[in-house]
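Understanding the architecture of this molecule
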Amino acid sequence: MNTIIHKPSTSPNHPSSLFPQISRCKTTRHLKQIHAHFIKTGQIHHPLAAAELLKFLTLSTQREIKYARKFFSQIHHPNCFSWNTIIRALADSDDDDLFHVNSLEALLYFSHMLTDGLVEPNKFTFPCVLKACAKLARIEEGKQLHGFVVKLGLVSDEFVRSNLVRVYVMCGAMKDAHVLFYQTRLEGNVVLWNVMIDGYVRMGDLRASRELFDSMPNKSVVSWNVMISGCAQNGHFKEAIEMFHDMQLGDVSPNYVTLVSVLPAISRLGAIELGKWVHLFAEKNEIEIDDVLGSALIDMYSKCGSIDKAVQVFEGIRNKKNPITWSAIIGGLAMHGRARDALDHFWRMQQAGVTPSDVVYIGVLSACSHAGLVEEGRSIYYHMVNIVGLLPRIEHYGCMVDLLGRAGCLEEAEQLILNMPVKPDDVILKALLGACKMHGNIEMGERIAKFLMGWYPHDSGSYVALSNMFASEGNWEGVVKVRLKMKELDIRKDPGCSWIELDGVIHEFLVEDDSHPRAEGIHSMLGEMSDRLRSVGYRPNTTQVLLNMDEKEKQSALHYHSEKIAIAFGLISTRPQTPLQIVKNLRVCEDCHSSIKLVSKIYNRKIIVRDRKRFHHFENGSCSCMDYW
């Protein structure tokens with residue numbers, strides 16, 4: 001191979017002292033004038049002139065990739081710098097719509113470079129080519145590049161090695177990435193460690209990522225962000241918050257990405273005090289609350305029960321052109337039963353010239369469902385399908401089935417399911433099954449339950465719902481059969497669980513839980529609550545105890561539901577009139593709902609309960625849901 005190497009041009013950051021007019025160039029129009037002048041004077045054939053012109057077209061703020069391609073094709077003998085420049089420009093492209101095409105084109109340019117045979121790739125070539133390969137997740141090409149790198153003796157280069165590891169990581173080949181990492185790692189190469197940790201997170205292997213993270217000699221803010229985001233995205237919400245706390249104890253300060261990463265975990269656990277701290281931290285450190293961070297804060301406040309604060313954050317966002325921002329506030333209002341406000345924001349969104357996304361329609365249809373606005377829901381669904389032309393997703397069908405089912409339109413809901421172009425998921429069928437129980441349609445309920453059991457044989461929800469339906473009718477024989485089937489298939493019901501955050505600490509309670517350090521005080525308060533409820537004429541709704549036991553045992557079972565235990569703990573742990581906020585993993589039962597309404601009046605407390613479906617704001621003996629949930 002005949003190799004022409006221009007040593008001054010091998011570095012991608014090499015400045016041109018021979019052509020200062022290019023360095024002083026500020027606009028593409030000015031560059032075109034220089035280009036024309038170089039053509040007229042013949043300077044265009046100078047390899048450094050061509051390289052500098054190409055650099056401006058691809059790497060400056062005035063990027064012109066299309067122009068750069070045409071220009072590159074006119075260079076008679078591109079030097080290594082020119083090849084590297086065009087490959088880098090394509091590999092670094094952050095255009096979401098074209099990144100696949102540009103990455104593929106970067107590999108093609110590299111192939112042409114080899115075919116041309118005049119210039120040998122160097123240590124600046126491979127990081128760009130490998131980056132393109134990683135974006136495309138092309139494992140075979142990655143292995144070929146790995147072999148080429150070894151052949152040229154470049155595997156010891158830190159940037160080449162990091163990008164080799166990244167290729168294996170992005171292709172999901174963590175064993176290969178692991179071997180390469182441990183063979184060649186440098187203790188100080190934080191980027192390489194981060195690539196590996198991110199790879200394990202992508203594979204859902206939080207244990208491996210945590211082990212690597214803990215052994216990491218120097219942790220950057222990116223290292224912490226990867227772990228916090230990974231924990232949150234994989235459902236390890238407590239761990240995400242613990243990581244966030246640990247990060248603050250170290251010498252690394254949270255940044256924009258950290259806040260966006262930890263807020264979903266805070267939202268899921270309802271840790272409102274920590275969420276407020278994050279908001280205050282952003283403001284004090286002048287971190288811009290843009291549409292993305294703002295949407296995360298709106299979601300956090302909504303899911304932590306502070307819907308008014310969520311609205312305040314929404315109104316403070318200057319650029320409201322992102323549908324995600326509108327989706328966050330509409331979904332939050334829906335969750336809190338403020339259907340009319342959700343509809344108002346839906347119309348405001350369109351007046352602002354923002355096209356509703358399919359997720360926005362899920363939020364507004366959910367709002368209609370929670371408030372029983374059947375006609376409004378039908379109208380919006382019709383608008384989405386027939387006016388806007390969006391194809392309904394399974395979630396849209398789910399909202400409509402829930403809306404119709406709650407309102408008692410069971411046959412219409414069933415027909416919608418039967419006419420869906422896709423197989424109904426368990427969420428849709430459970431929504432109709434719950435509606436059947438609510439409206440006492442046992443025949444349809446059994447039919448839907450059988451569908452569920454056939455399609456999702458190991459999902460406890462269908463068995464529990466059918467068992468509850470039989471129990472509500474006093475059909476204990478049917479209950480026994482369902483329970484025996486669950487035992488045979490080793491299917492277990494999810495236990496009821498509630499938690500409350502006090503002074504930044506999350507306290508978790510299960511049904512009949514007596515494991516808390518203040519269990520004695522909690523038990524005493526539960527007794528006091530029961531006595532005071534009875535004194536105002538309240539009687540437990542034992543129809544909600546779906547077990548074959550005597551009346552006294554049923555009342556006792558209701559007494560120790562997890563949300564009541566959490567409220568009792570809140571009452572003994574806070575000052576009078578302090579609002580209490582509870583999060584529950586299942587839906588609130590009718591007895592708890594009725595008793596909490598009275599507790600809010602008896603103890604003069606505002607009690608906010610977030611169950612699996614929505615928020616309930618209990619105050620002065622009533623609930624924001626108006627008993628429609």
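Residues numbered from 1 in each chain as written. Predicted model: local features only at pLDDT ≥ 70, side-chain atom pairs only at ≥ 80, totals over all residues. Heavy atoms only, no water.

1. Concerning the nonpolar core
- If you look at the biggest cluster of nonpolar residues, it comprises 164 residues, and the most contacted ones within it are Ile87, Phe126, Met196, Ile266 and Leu432.
- Excluding anything up to four places from it in sequence, Ile266 contacts Ile241, Ala271, Leu274, Gly275, Val278, Met300 and Cys304.
- Grouped together as the second largest cluster of nonpolar side chains are 30 residues, Leu502, Leu526, Ala568 and Leu580 included. (Core = buried A, V, L, I, M, F, W, Y, C linked by side-chain atoms within 4.5 Å. Buried < 20%, exposed > 50% of the residue type's maximum accessible area, 1.4 Å probe, protein only. Contact = heavy atoms within 4.5 Å.)

2. Notes on unusual backbone geometry
- One non-glycine residue, Glu512, lies in positive phi territory at about 55°.
- Its location among the elements puts Glu512 in the loop between strand S2 (505-510) and helix H29 (519-535).
- Located in the positive-phi region is Asp627, a residue other than glycine, with phi close to 60°.
- Along the chain, Asp627 turns up in the segment after strand S6 (622-623). (Helix = DSSP H or I, 4+ residues; strand = E, 2+ residues; numbered from the N terminus.)

3. Examining a positive patch on the surface
- A contiguous patch of positive charge on the surface is contributed by Lys437, Arg587, Arg612 and Lys613.
- Tracing the chain through its elements places Lys437 in helix H25 (residues 426-439). (Patch = residues over 30% accessible without salt bridge, like charges linked within 9 Å, V, L, I, M, F, W, Y side chains within 5 Å. Areas by Shrake-Rupley, 256 points an atom, 1.4 Å probe, with all protein chains shown as cover. Salt bridge = Lys/Arg side-chain N within 4 Å of Asp/Glu carboxyl O. Lys, Arg positive; Asp, Glu negative; His and termini not counted. Charge placed at Lys NZ, Arg CZ, Asp CG, Glu CD.)

4. Focus: the packing of aromatic side chains
- All chains considered together, the criterion is met by 14 aromatic pairs.
- Between the aromatic rings of Phe110 and Phe148, the centroid separation amounts to 6.3 Å while the plane-to-plane angle is 55°, which identifies the pairing as tilted. Taken together, the positions of Phe110 in helix H6 (residues 99-116) and Phe148 in helix H8 (residues 139-151) put the pair 38 residues apart, joining distant regions of the chain. Here the two residues Phe110 and Phe148 agree in accessibility, since each one is buried.
- Pairing Phe509 with Phe569 gives two aromatic rings, centres 5.5 Å apart and planes at 50°, and the pair type is tilted. Residue Phe509 is found in strand S2, and its partner Phe569 is found in helix H31 (residues 562-573); the two are separated by 60 residues along the sequence. In this pair, the class of Phe509 matches that of Phe569, namely buried. (Phe/Tyr/Trp six-rings, centres within 6.5 Å; stacked < 30°, edge-to-face > 60°.)

5. Remarks on the sheet that holds S2
- Overall, mixed pairing links the six strands, which are arranged S2-S1-S3-S4-S5-S6 in an open sheet. Edge positions in the open sheet fall to S2 and S6, since each of these has one partner strand only.
- Taken together, the six bridges between strand S1 (residues 497-502) and S2 define a ladder with antiparallel strand orientation. Counterpart to Cys497 in the pairing with S2 is Leu510. (Pairing = 2+ DSSP bridges.)

6. Observations concerning the side chain of His561
- Within the secondary structure, His561 sits in the loop between helix H30 (551-559) and H31.
- Aside from chain neighbours lying at most four places away, what touches His561 is Cys589 and Cys592.

7. Side note on the UniProt feature "repeat: PPR" (unreviewed entry) in the chain
- Per the UniProt annotation, the sites labelled "repeat: PPR" (unreviewed entry) are residues 189-219, 220-254 and 322-356.
- Between the end C-alpha atoms of residues 220-254 the distance is 10 Å, and the span holds 74% helix and 0% strand.
- The annotated region residues 322-356 carries 74% helix and 0% strand content, and the separation between its end C-alpha atoms amounts to 10 Å. (UniProt positions renumbered as here; feature names shortened; annotations may be inferred.)

8. Some details on the pairing of strand S3 (residues 580-584)
- Burial of S3 is extensive: five of the five residues sit out of reach of the surface.
- A two-sided burial pattern is seen for S3, the buried positions comprising Leu580, Ile582 and Lys584 on one face and Gln581 and Val583 on the other.
- For S1 and S3, the ladder comprises three bridges, and the chain directions are antiparallel. When the sheet's bridge partners are listed, Trp499 is paired in S3 with Val583.
- Where S3 and strand S4 (residues 607-610) come together, four bridges link them in parallel fashion. Counted as the bridge partner of Leu580 is Ile607 from S4.
- In this view, the connection linking S3 to its parallel neighbour S4 by way of helix H32 (residues 590-602) has right-handed handedness. (Right-handed = clockwise from strand over helix to strand, strands pointing away.)

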